[in-house]
Amino acid sequence: MSPLNRFFILLVLILFVSCGSSSESADERTTITLSDMSFDPTELSALPGETIDVVNDDDVSHTVTSSSGPNAFDNSGDFDTGSISPGETVSLEIPADASLGDVFYFYCDIHEGIMDTPNGQITVQ
Ligand SMILES: [Cu+2]
């Protein structure tokens, strides 16, 4: 196979993969699920102003509260769901004036630091 043919096959593969990943979540809201004292996922991305659903599938109440750093539990004020009861779904909103590359850390204000996943992070992109 000539180097040029290899190049075109590689190009087609790259286009195929990038198309697949960009369309998969177009009509589905970003969701954080709470279960077994964990956030799932712990790392996600969002757009400025995006609404994220938070589902509590655990048997205790939790919050998703913003913090100032990866190991901080200090309610930085960017978002706070308040207490979410077992089985309840609420939403939080990424600040509309967030810039690309901003990172919002979050934690549970009821179980500060003792969740199986103590902090999560949302990257604006
Ligand atoms: Cu909690």
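The coordinates are above.
My aim in this report is to walk through the structure given alongside it, one point at a time.

Here is what the cut-offs are and how they apply
Residues numbered from 1 in each chain as written. Predicted model: local features only at pLDDT ≥ 70, side-chain atom pairs only at ≥ 80, totals over all residues. Pairing = 2+ DSSP bridges. Helix = DSSP H or I, 4+ residues; strand = E, 2+ residues; numbered from the N terminus. Axes fitted to C-alpha atoms, helices over the stretch in contact; angles between N-to-C directions. Buried ≥ 20, exposed ≤ 12 C-beta atoms within 10 Å, placed from the backbone. Contact = placed C-beta atoms within 7 Å.

Considerations on the sheet that holds strand β3 (residues 43–46)
So, point 1. Taken together, four strands build an open sheet; the order of strands is β3-β8-β7-β5 and the sheet is mixed. Lying at the two open borders of the sheet, with one neighbouring strand each, are β3 and β5 (65–67). Across the sheet, the axes of successive neighbouring strands diverge by a mean angle of 35 degrees, strand direction being ignored.
So, point 2. Strand direction decides the pairing type here: strand β7 (residues 103–107) and strand β8 (residues 120–124), joined by four bridges, are antiparallel. The partner of Y105 across the bridge, within β8, is Q121.

Looking at the environment of V124
So, point 1. By secondary structure assignment, the location of V124 is in strand β8.
So, point 2. Residue class for V124 comes out partly exposed when judged on the 18 C-beta atoms lying within 10 Å of it.
So, point 3. Residues V124 and G49 lie 75 residues apart in sequence; the distance between their C-alpha atoms is 9.7 Å.
So, point 4. V124 has contacts with A46, L47, P48, I94, A98, S99, L100, G101 and D102, leaving out every residue within four places of it along the chain.

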